[in-house]
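Structure at a glance
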Amino acid sequence: MPRAVPAVRAPAPWSALLALALAGVLLCAPARAGNQKEEALADAVRLALANSIRDSRPPRPAFASEAERLRYQDWLAQMSQRLRRKLPDQQVREEFLATAWYEAKRAGLDPAMVLGLIQVESAYRKYAVSMVGARGYMQVMPFWTNVIGDRDRRALFDMQTNLRYGCAILRMYIDMEAGNLFLALGRYNGSRGRPEYPNAVLAAWNNWKPAAPL
């Protein structure tokens with residue numbers, strides 16, 4: 001029996017619109033291992049996702065206070081130290097972390113959880129390609145560029161594009177599953193209802209939680 005997982009905190013404004021679009025829409029996917037599966041999305045859901053992907057603003061975090069900015073800098077320093085072996089170039093590493101933080105927050109996700117998912121999906125390899133064709137850090141399936149993007153599959157190897165797609169899709173699945181992260185992670189992997197993938201991501205999540213509350 002899957003262990004209970006706390007619901008993810010309230011989504012960002014664009015994903016709140018997505019949650020409304022998903023209300024009353026029932027989407028079923030086979031519970032078998034694999035990658036994200038193409039599903040029949042309601043027009044409102046597709047539009048909300050497409051709008052979130054089209055927003056090309058660079059990842060420039062804004063902070064309500066100096067204390068918030070300092071907490072972010074502390075988080076960045078901690079995560080940079082942990083990621084040094086995977087991404088040895090400091091500039092690449094810090095750009096990656098800043099983008100992951102920005103896109104996670106934008107989608108109403110915990111950045112530590114997103115980093116754990118990336119660890120499981122691609123082991124932080126920008127150009128990773130799975131046996132079924134999923135691409136990049138968050139192993140996004142190319143069909144998504146047809147459904148909500150501009151059909152440019154090569155863009156899934158762009159760091160910000162890949163992280164934006166991945167975070168937006170995961171947010172959609174969480175809303176679909178009414179905040180049940182265990183089921184949403186299974187759906188992200190195409191294995192809804194099976195414990196292996198959600199358990200792996202939840203375990204990896206712990207590797208990216210700050211050493212002290214921020």
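Quick look at the structure, then. (Residues numbered from 1 in each chain as written. Predicted model: local features only at pLDDT ≥ 70, side-chain atom pairs only at ≥ 80, totals over all residues. Heavy atoms only, no water.)

1. So, the overall build of the protein
Scanning the protein from N- to C-terminus turns up nine helices and zero strands. Relative to its 214 residues, the protein shows a buried fraction of 51%. Taking all contacts inside the protein whose residues are at least 6 apart in sequence as the whole, residues at least 24 apart take part in 64%. Of the roughly 10600 Å² of accessible surface on the protein, 54% is carried by carbon and sulfur atoms. (Helix = DSSP H or I, 4+ residues; strand = E, 2+ residues; numbered from the N terminus. Buried < 20%, exposed > 50% of the residue type's maximum accessible area, 1.4 Å probe, protein only. Contact = heavy atoms within 4.5 Å. Areas by Shrake-Rupley, 256 points an atom, 1.4 Å probe, with all protein chains shown as cover.)

2. With respect to the pattern of salt bridges
According to the stated counting rule, one finds eight salt bridges in the structure shown. In this structure, E66 and R69 form a salt bridge, with 2.6 Å as the shortest nitrogen-oxygen distance. Remark: R69 and E66 occur in helix α3 (residues 66–82); sequence separation between them is three residues, near one turn of the helix. Taking relative accessible area as the criterion, E66 reaches 45% and is therefore assigned partly exposed. Note that D175 and R171 form a salt bridge whose closest N and O atoms lie 3.0 Å from each other. Taken as a pair, D175 and R171 lie in helix α7 (residues 159–176) at a separation of four residues, close to a single helical turn. One exposure class covers both D175 and R171, and it is buried. One connected set of salt bridges, linked through shared partners, spans E103, R106 and R164. (Salt bridge = Lys/Arg side-chain N within 4 Å of Asp/Glu carboxyl O.)

3. Considering the side chain of Q139
Relative to the helices and strands, Q139 resides in the loop between α5 (111–122) and α6 (143–147). Overall, the relative accessible area of 4% leaves Q139 in the buried class. A distance of 3.4 Å separates a polar atom in the side chain of Q139 from the backbone oxygen of A134. Each residue touching Q139, except ones within four places of it in the same chain, is listed here: Q36, E121, S122, A128, V129, S130, A134 and N162. (Polar contact = N/O pair within 3.5 Å; in protein donor to acceptor, adjacent residues only side chain to side chain.)

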